[in-house]
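# Residue-level structure breakdown
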Amino acid sequence: QQQQQQQQQQQQQQQGAWEGGGENAVESTPLERLSVILSEVLGDHEWGEDEMQQVLLESGGNTEVALNLLLDRSKAAPQPFIEALSSSSQAMQQQNRGRGAGQGQVAVKSSRDWFLGDHMRQHLLFIGYTGQGFSGFQLNDTEHQRESKTIQGELLKALYDVGAVDKKTDTNGFYMASRTDKGVHAAGLLVQLWMHPLREGAGRDLVAALNRKLQGMGSPSSQVRVFDVTVADWLEQGTTVTRVNSCRLCHGREYLYVLPSFALAPVPSAAVRSVDTLMQYMRTFRISNEQLNAADEVLGSYKGQGDFGLFTPSTKIAQYQSEEGGTTRKIVDCTCTCKYTPKHTESSSGVEFVTILISGDRYMYHQIRNMMGLAMLAIHAGLPAREVVRAALTAEDGRLPGREREIPLAPAAPLLLHSLRYRESAVTEFLRKGEAQVEEFKRRVLLPQVYASAKKPVAEFMHQMLCTGGVVSRVRKGVCP
């Protein structure tokens, strides 16, 4: 009985120390708490002080995260060990969520301690991702979409798992600066959502935990990165005060279309026999400066403001026409920025790529892909680019004058959201802080993925457009515009 009383007193002292109770309470260190938990669960355990300290450093001093890391590293251990350590971690989460500490448990910090309370506050998340394997960004509640993965859906799952939100599928108040379609990538996207307010200095821990969760979900979720998080503060704008809105306040969006260079120059008929012959041709093709300048002139025809109703599906036109500005959009720039041959690796296969920059205020569904499709059609059909684009931008009701609409939709794999433009200094400073991480993500993950995934879809698109009976031959025969 005396031993039991002493143990209970020690446990109460440890709990009171962590919760700040007691006049003589002394807060135990994370290493001491981790050691106590392991000893209670396992008795004599295999983890030495140096190894536990290393895991704590990796977890930022968070004992719950350290336990999860130990669990991950113990997959080869006997099953009872894994079950004991897992149940200990779950018990700690329940305890720190206000459900009370059971007898024999030690209260430790969990991810819940990153947040100030149960109320919600709007935050900004700066993220990047590769679009391959996703059905687009936005979570959709249709039956088809429930079984498919979206970036928004996977992000909400990770946020729920770390305790930042209370529901996995609550999209109320969730805004994004730009909504990408299926297969489209993003180097840096700003999203806004309601979540529990963070304690000061806890943002870094939350970002690390979210990235671990996303990595643990496997492909394609492992290709999503969270760069930073901050509160969506109020801003003064003239005589009015408004909250930062990641979508409404964004006045410029830049996309890149990373295209194998052969698609911007005439292709010999022998190379069009099949998709395989086109794949072989693209590996050895190198675009000349004259061909690049000619393609640049075609792309430059899009600059300025015009009615892009022809560049979105006809089913979407009524929706856009009900909004301010209708289908009118402004293209600030559309140009070839560089040509580049990645190092001969499995992802690039020695193919030369040309990067096309598209800069504008906002875009409609499939607008950029249709712009690229019409540009390639004009190049390969030998059409006068400016006249073709002018006719497309003056079309009415999704038709060219007197003609049926027929613009080939270019593939999604080469397209990525590159950057966002805001006038508000608070937002630009927040984005600037993540620039180094964005560039690292582009270099190590995003661009290699684009180089690897874009080749075949572009070859298939070119074969469909150039083959006998394709849109190029029909244009040349005058069958379609």
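The sections below set out a description of the structure shown in this document. (Residues numbered from 1 in each chain as written. Predicted model: local features only at pLDDT ≥ 70, side-chain atom pairs only at ≥ 80, totals over all residues. Heavy atoms only, no water.)

Moving on: the environment of Gly-360. For Gly-360, the position within the fold is in strand E10 (residues 353-360). Considering only alpha carbons, one finds Gly-360 and Gly-252, 108 residues apart in sequence, at a separation of 5.7 Å. Here Gly-360 is in contact with His-251, Gly-252, Arg-253, Lys-330, Ile-331, Val-332 and Arg-421, once residues within four sequence places are set aside. (Helix = DSSP H or I, 4+ residues; strand = E, 2+ residues; numbered from the N terminus. Contact = heavy atoms within 4.5 Å.)

A few words now on the environment of Arg-283. Mapped onto the elements of the fold, Arg-283 is located in helix H9 (residues 275-284). Taking the C-alpha atoms as reference points, Arg-283 and Ser-349, separated by 66 residues in sequence, lie 6.8 Å from one another. Look past the residues within four positions of Arg-283 in its chain and what remains in contact with it is Ser-349, Gly-350 and Val-351.

What follows deals with the pattern of salt bridges. Scanning all chains against the criterion turns up 8 salt bridges. Across the salt bridge formed by Asp-228 and Lys-433, the nearest N and O atoms sit 3.8 Å from each other. Residue Asp-228 is located in strand E4 (residues 224-231), and its partner Lys-433 is located in helix H14 (residues 425-433); the two are separated by 205 residues in the primary sequence. According to the relative accessible area criterion, Asp-228 is buried, its value standing at 15%. The salt bridge partner of Glu-439 is Lys-442, with a shortest N-O separation of 3.5 Å. Of this pair, Glu-439 and Lys-442 both sit in helix H15 (residues 435-466), 3 residues apart, roughly one helical turn. (Salt bridge = Lys/Arg side-chain N within 4 Å of Asp/Glu carboxyl O. Buried < 20%, exposed > 50% of the residue type's maximum accessible area, 1.4 Å probe, protein only.)

This part takes up the nonpolar core. Core analysis: the largest hydrophobic core is formed by 123 residues, its most contacted members being Met-372 and Met-462. Ignoring any residue separated from it by four or fewer positions in sequence, one finds Met-372 in contact with Tyr-257, Leu-299, Cys-334, Ile-356, Ile-358 and Ala-410. (Core = buried A, V, L, I, M, F, W, Y, C linked by side-chain atoms within 4.5 Å.)

Our focus in this paragraph is the pairing of strand E9 (residues 328-340). Pairing analysis gives 4 bridges linking strand E8 (residues 304-307) to E9, with the strands arranged antiparallel. Residue pairing across strands places Asp-307 opposite Thr-328, the latter belonging to E9. Pairing of E9 with E10 involves 8 bridges; the strand directions are antiparallel. Across the sheet, Asp-333 pairs through a bridge with Ser-359, a residue of E10. (Pairing = 2+ DSSP bridges.)

For the rest of this paragraph, the subject is H14. Those residues of H14 that fall on the buried side of the exposure criterion are Val-427, Phe-430 and Leu-431. Buried positions in H14, seen along its axis, are confined to an arc of 95° and lie on one side of it. More than 90 degrees from the buried face of H14, the exposed residues found are Ser-425 and Lys-433. Turning to H14, the residues buried within the fold contact strand E1 (121-129), strand E3 (185-195), E4, strand E11 (415-422) and H15. (Arc of directions from axis to C-beta.)

On to the side chain of Ser-222, then. Along the chain, the position of Ser-222 falls in the loop between helix H8 (203-216) and E4. Residue classification places Ser-222 among the buried positions, given a relative accessible area of 11%. Not counting the four nearest positions on each side in its chain, Ser-222 is found in contact with Leu-214 and Gln-215.

A separate point is the packing of H9 against H15. Packing of H9 against H15 brings their axes to within 9 Å, and their N-to-C directions diverge by 120°. The angle between H9 and H15 places the two elements in the oblique class. Crossing geometry of H9 relative to H15 is assigned as right-handed. The residues of H15 that touch H9, namely those facing Val-275, Leu-278, Met-279 and Met-282, are Lys-455, Lys-456, Ala-459, Glu-460, Met-462 and His-463. Of the residues in the contact of H9 with H15, the class split is 6 nonpolar, 1 polar and 3 charged. (Axes fitted to C-alpha atoms, helices over the stretch in contact; angles between N-to-C directions. Parallel < 35°, antiparallel > 145°, perpendicular 65-115°, else oblique. Left-handed = near helix turned anticlockwise from the far one by under 90°. Nonpolar A, V, L, I, M, F, W, Y, C, P; charged D, E, K, R; others polar.)

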